[in-house]
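Next come the chains, spelled out residue by residue.
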Amino acid sequence: MFKGLGGMGDMAKMMKAAKDAQARMAALQEELTRITVQGESGAGLVRAEANAKGVLTALHIDPSIFKAEDREVVEDLILAAIKDVQKRAAERSQQEMRKIATEMGLPPDMDLPL
């Protein structure tokens, strides 16, 4: 008569798992803002720092490149460093997502929403 109630236990487990996953994702979002990644260009003449969400947090420029005639080169180096750090931030974010997926028993290549 109450055979259907066994499925309710499975549903409760699924709901708890979903709630746990949601909490882990929220914690990851917060953690990504604290993880720092670095990118560079010009053999380190320009270095950029960002959090793992890709938000630029610092820019370091070697003073030796401040010559008026080198303005375009400096601009290119700055853009290259920013692109490098954003790429590294995206890679780190995906690495953290793969860790959580694995811990949750999901395939590491599963595309979890950020």
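Further up the page is the structure itself.
Residues numbered from 1 in each chain as written. Predicted model: local features only at pLDDT ≥ 70, side-chain atom pairs only at ≥ 80, totals over all residues. Heavy atoms only, no water.

A. Geometry of the overall build of the chain. Of the regular secondary structure elements, the chain holds two helices and three strands. Split into buried and exposed, the 114 residues of the chain put 26% on the buried side. Of the roughly 8000 Å² that the chain leaves accessible, carbon and sulfur atoms contribute 58%. (Helix = DSSP H or I, 4+ residues; strand = E, 2+ residues; numbered from the N terminus. Buried < 20%, exposed > 50% of the residue type's maximum accessible area, 1.4 Å probe, protein only. Areas by Shrake-Rupley, 256 points an atom, 1.4 Å probe, with all protein chains shown as cover.)

B. Focus on the pairing of strand E3 (residues 56-61). In this structure, strand E2 (residues 46-51) lies alongside E3, joined through five bridges in antiparallel fashion. Bridging across to E3, Val46 finds its partner in Ile61. Hairpin remark: E2 followed by E3, antiparallel, with four residues in the connecting loop; positive phi at Gly54, about 90°. (Pairing = 2+ DSSP bridges.)

C. Region of the structure containing a nonpolar patch on the surface. Taken together, the side chains of Met11, Met14 and Met15 present a nonpolar region at the surface, about 340 Å² in accessible area. Residue placement: Met15 occurs in helix H1 (residues 5-34). Met15 gets classed as exposed once you look at its relative accessible area, which sits at 55%. (Patch = residues over 30% accessible without salt bridge, like charges linked within 9 Å, V, L, I, M, F, W, Y side chains within 5 Å. Salt bridge = Lys/Arg side-chain N within 4 Å of Asp/Glu carboxyl O.)

D. Looking closely at the nonpolar core. Judged by nonpolar contacts, Val37, Val46, Ala48, Ala50, Ile65, Val74, Leu77, Ile78, Ala81, Val85 and Ala89 together constitute the single largest core of eleven residues. No other element matches the six residues that helix H2 (residues 71-103) contributes to this core. Residues contacting Val46, with those up to four places away along its chain left out, are Gly39, Glu40, Ser41, Leu59, His60, Ile61, Ile65, Leu77, Ile78 and Ala81. In terms of nonpolar packing, the next biggest core, distinct from the first, is built from seven residues, Leu28, Leu32, Ile35 and Ala52 among them. (Core = buried A, V, L, I, M, F, W, Y, C linked by side-chain atoms within 4.5 Å. Contact = heavy atoms within 4.5 Å.)

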